[in-house]
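# Geometric and topological summary
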Amino acid sequence: MFSGPRRWGARGDYERVPEGPEAQKCNPEKSASFFSRMTYSWFSRIILLGYKKPLEREDLFELNESDSSYIVCPIFEKQWRKEVLRNQERQEIKASFHKEARARKPSLLYALWNTFKFVLIQVALFKVFADILSFTSPLIMKQMIIFCEHRQDFGWRGYGYALALFVVVFLQTLILQQYQRFNMLTSAKIKTAVIGLIYKKALLLSNVSRKRFSTGEVINLMSADAQQLMDLTANLNLLWSAPLQILMAVSLLWQELGPAVLAGTAVLVLVIPINALVATRVKKLKKSQTKNKDKQIKLLNEILHGIKILKLYAWEPSYKKKIVEIREQELEVQKSAGYLAVFSMLTLTCIPFLVSLATFGIYFLLDEGNFLTATKVFTSMSLFNILKLPLFDLPMVISAVVQTRISLGRLEDFLNTEELLPQNIETNYIGDHAIGFTNASFSWDKTGIPVLKNLNIKIPEGALVAVIGQVGSGKSSVLSAMLGEMEKLTGVVQRKGSVAYVAQQAWIQNCILQENILFGSTMQKQFYEQVLEACALLPDLEQLPNGDQTEIGERTRVLVTHNLTLLPQMDLIVVMESGRVAQMGTYQELLSKTRNLTHLLQAFSEQEKAHALKRVSVINSRTILKDQILEQNDRPSLDQGKQFSMKKEKIPIGGVKFSTILKYLQAFGWLWVWLSVASYVGQNLVGIGQNLWLSAWAKEAKHMNEFTEWKQIRSNKLNIYGLLGLMQGFFVCSGAYILTRGSLAASRTLYAQLLDNVLHLPLQFFETSPIGQIINRFTKDMFIIDMRFHYYLRTWVNCTLDVIGTVLVIVGALPLFILGVIPLVFLYFTIQRYYVASSRQIRRLAGASRSPIISHFSETLSGVSTIRAFGHEQRFIQQNKEVVNENLVCFYNNVISNRWLSVRLEFLGNLMVFFAALLAVLAGSSIDSAIVGLSISYALNAPWIMSKRPPAQWPNKGIVEFINYQARYRDDLGLALQDITFQTHGEEKIGIVGRTGAGKSTLSNCLFRIVERSGGKIIIDGIDISTIGLHDLRGKLNIIPQDPVLFSGTLQMNLDPLDKYSDCQLWEVLELCHLKEFVQSLPKKLLHEISEGGENLSVGQRQLVCLARALLRKTKILILDEATASIDFETDNLVQTTVRKEFSDCTILTIAHRLHSIIDSDRVLVLDSGRITEFGTPQNLICKKGLFFEMLTEAGITQDSVTK
């Protein structure tokens, strides 16, 4: 995930260490000459390198130190802390004066201003100079037209005007590109700073805040809202620049047309309330869109985390429908926004036209002697063209401000939300016990009902402690209280020293196995190897292709456990009941004095108690810990053959394939494509016609006295000009509407195809691809398709037509201009060829660098409790800065490459202006001044369901047969299952056992075709499962998985997402699973809202819900994958009785990690290294004294106990 080594700097900063080739990548910008920095020539080496070969991350220039996330984030965090303190002081002052006012939150905007104000002022100064120069060009053009009109002093003055025009536009180019450079990088730094603060806050959230902000919402804050803030910053200067440009344009127009310009100003004033209404509507749409995106990302995140459950139960259509429903809501909002964009485009086109029409009309009415000369026409039109951009930008930036206010509000809500209080626990305690609770009560929120009540526990140093109790008794909550994860209501909690924490649900990072084990600790080889041996990981490491480099994850010990066989080894046992400590003491004390422990032990058979006591004399505490860890973490992911490493995002090389563009156009709809092209061609032709008409009008105005009906002629000219303007408005409006309709169709089609393809991908893809990478496709990439791609397409079409039209108009006016165009076109395509090769790859690198940010963030949110328990917040904050900085490096190089291109292309455009002006001077009296104005002004603006279906009643016997079956997880890996051949009888109970990595879970995956065959076949009731569809197969099988996965939504939805069963059936299965009483106690009962990941239920309760699912869809074949590992033995005994009764007529395959659960099986299948080594009844296998006997002996289970 992280490139290059890191070190702690002199100030405690986490920084990169330049070494080897990286030392050569140091940014040359600071050492470059003034001219090189202004023209970005120092970046040419990257452009040339990118032309020779596809660029890689190592080829890019590093950031300037002041631009890196390691510098930006700490400075901004300091300013945010100051703002929080200032806000607290303000509130205290108000309180002291008894002022009743709404509590004001610390302002994120003020903190950002205080951090970046100096660079923002610098950017604004660049913008001021660029704006002033933009109005200098029309004034010089005016002098050139006057010069040509008077036909005198041909010579140095005309050449001087041409040269001055070139110098001005070239200076404007240089200053404008510096503005763009600093503006874009500053906006990126603001986004970086905000992301850093969001990440840090996410590590400090209390449990109440974590429930308020789901993972999807927090990710959306980081991706969408921070991006919105960045986008506004990039356009922020338009808030003052657009009004300034409008004011300057109106002032200069006054000089040309006098009071008539007030008519045009009136049109502008009338537009302001209309834009305000549009902005208000956009604000409402933005709120709706944000909610839809939050829901979409939240559901996607849950689907991707629980994809195996969806595939096992064939629930993909149901959850696809839920995603599509949210997407349709999003598209409805997008459609409304698109229609507002149509209005904006109409405004952009019609307002300049209406302003000019109103101005010219009033100009004629004020004085019949007024007529339009070439000077007035083309100076005014150049000013109107300049006016067009701020008129378009101002409503857009106002809309962006409105949207950003919403994002700022969301960000401030999150950043000001409740944090965990460090004073919940005294961590500097130096007494005689390791952990102490004194009259302590806890809740998950400050105002909630206590979950733990009046705890009084003293745990001595070095003690081995067990916390036991039934499902929902508060066992896991005790650990959370020790870690400070709960709100302390009363009492005192003391904890000495550091903490190591193993969560009930394993959290593995996307990094190599060794890094997961070390978890930030220094490598101590001897101790590291001892840990591997104690955790029984050595056999697994031998099977992994790269050992502990494979990429995937004496102390006081407190165990929350249902494994009562471990209790005799404990120094202290805490028995929990309804959130209270029911009893506490040693094993013998509790066994002799209380009934609580006795009741729990009654869930064991007498033989199990004997085995437990027998094991006490031969195992030590290290082995106990090892056994416990294995039972909690013996996951299928360690099965042989499942030797995956996480894939890095593949970065394409070369040009964008035409097939990709064709796919978008097909989704867009060919009818809309051709109508769109026709509308934009019509728009440009009418625009050219307007200017040609004005040119002809100005030419005729010189001969006004020759016409006896000039007033009527002038009126006709004005009417035709107005008609052309209306036609252009029609084409613009039509084009924008067509583009909106087509882009909506493309968005809907491409999203549906993406979602369908992702849900159809094999499970292996999700196990080897970071979730953040997948989410990035649905968020950032779909955002490009939804909001940006059609805009880019429209811009490209418009620019292409504008260039063609400009060249044709100028060549028509000045035929010799073709001689200058040919070399300019050659240079243009040469520069483009070099630039495109490099820029395309830099943009791809930038796109790929976004996925690790989301992946790391999502990963952190999943393991925040573990990170906080180990006290590794700072380490993860530094890792976040690293992945953000990598994206910032790519963004920086992308910005500079764009500026490099812009300077060179605009220089070619400036040469075009110079050639047009020079030719106008050289043409002398042979060319009309109207043609001069026309040419210069143009130059300045230059398959799941298969055909074979099984019978409806299939399978009706439950006979499963493997014939020479072989399977592997990837083509480049060895076989995970080899020559598997066996057959079950109908309604037979089969136990499947084997050491870790033997292939047990792979066998169940093959039954569901999660892993496809490499050879042989599986036959169920006479049908080869490879010949039927996956939904047909998975819909007829049943599984109770080891990992209890729940989705956010109602309890009813989690039990029956396909809505196939009645409420009576749901209550029946809840009763069978011993959950009915609990669900009846909930206010909304079956409609009780399950939080993300099922976090508002205990793990045991989640497992019982999964059991209820299986009971609902009762099928002839059931696979149990250690389905009761997370529930207490008393409940386990009841559940096992329920399973035996309710599935008595079914074939049951039980994958066993605890051997006592399969002792009563009809037959036992023993696997080793992917092969069947033994298969028979338990008694027969014990008599053979093979691997099964050896495993029983290691577990302390005797032959006598099996035969009882």
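Rules behind the numbers
In this numbering scheme, every chain counts its residues from 1 along its sequence in written order. pLDDT decides what is reported in this predicted model: residues at 70 or higher carry local features, side-chain atom pairs at 80 or more are listed and counted, and totals for whole chains, interfaces and linings draw on all residues regardless. Side-chain numbers come from the whole structure's heavy atoms, not from hydrogens or water. UniProt positions are given in the numbering used here, feature names are shortened, and annotations may be inferred rather than shown by experiment. Just to be clear on terms, a salt bridge is a Lys or Arg side-chain nitrogen sitting within 4 Å of an Asp or Glu carboxyl oxygen. To count as a disulfide, a pair of cysteine sulfur atoms needs to be within 2.5 Å. Note on geometry: axes are lines fitted to C-alpha atoms, helical ones only across the stretch in contact, with angles between N-to-C directions running from 0 to 180 degrees. Here a helix means four or more residues in a row that DSSP labels H or I, a strand means two or more in a row labelled E, and each is numbered from the N terminus. Oblique is the label for any angle not under 35 degrees, not over 145, and not in the 65 to 115 range, which are roughly parallel, roughly antiparallel and roughly perpendicular in turn. Each crossing is labelled by how the near helix is turned from the far one, with a counterclockwise turn of less than a right angle marking it left-handed and a clockwise turn marking it right-handed. We call two residues contacting when some pair of their heavy atoms lies within 4.5 Å. Gly counts as polar in this scheme, as do all residues outside two lists: the nonpolar Ala, Val, Leu, Ile, Met, Phe, Trp, Tyr, Cys and Pro, and the charged Asp, Glu, Lys and Arg. For two strands to count as paired, DSSP must find a minimum of two bridges between them. Burial status follows relative accessibility: with a 1.4 Å probe on protein chains alone, a residue under 20% of its type maximum counts as buried, one over 50% as exposed, and anything between as partly exposed.

- For the chain, an unreviewed UniProt entry supplies the name Multidrug resistance-associated protein 1-like and the organism Felis catus.
- Entered under Subcellular location (unreviewed entry) in the UniProt record, the comment concerning the chain runs "Membrane".

## Some points on the pattern of salt bridges
- According to the stated counting rule, one finds 28 salt bridges in the structure shown.
- Linked through salt bridges whose partners overlap, the residues forming this network are Lys-293, Arg-327, Glu-330 and Asp-786.

## Quick word on the state of the cysteines
- Counted by the stated rule, this structure contains 0 disulfides.
- Its sulfur unpaired, Cys-1073 is 9.9 Å from the next cysteine sulfur, which belongs to Cys-1106.

## A word on the packing of helix H5 (residues 156-202) against helix H26 (residues 817-862)
- Remark: H5 packs on H26, axes separated minimally by 10 Å, with the N-to-C direction vectors making an angle of 20°. Accordingly, the angle class assigned to the pair H5 and H26 is roughly parallel. Along this stretch, H5 crosses H26, giving a crossing that reads as left-handed. Within the contact between the two elements, H5 uses Ile-198, Tyr-199 and Ala-202 and H26 uses His-856, Phe-857, Thr-860 and Leu-861.
- Of the residues assigned to the contact of H5 with H26, the class counts are 5 nonpolar, 2 polar and no charged.

## Topic: the pairing of strand E9 (residues 580-585)
- One ladder, built from 5 bridges, connects strand E8 (residues 572-577) with E9; its direction is antiparallel. Note that in E9 the partner of Glu-577 across the bridge is Arg-580.
- Counting the residues in the hairpin turn of E8 and E9 gives 2 residues, including Ser-578, whose phi is positive at 55°.

## Here's the deal with unusual backbone geometry
- A cis amide bond, omega -10°, links Trp-954 with the succeeding residue Pro-955.
- You can see Pro-955 is positioned in the loop between helix H29 (929-940) and strand E10 (960-967).
- Even without glycine at this site, Ala-314 takes up a positive phi of about 55°.
- Looking at the element boundaries, Ala-314 is found in the loop between helix H10 (307-312) and helix H11 (316-366).
- The exposure class of Ala-314 is buried, given its relative accessible area of 10%.
- Of note, the phi angle at Arg-1009 is positive, near 55°, even though the residue is not glycine.
- Checked against the element boundaries, Arg-1009 lands in the loop between helix H30 (1000-1007) and strand E13 (1013-1020).

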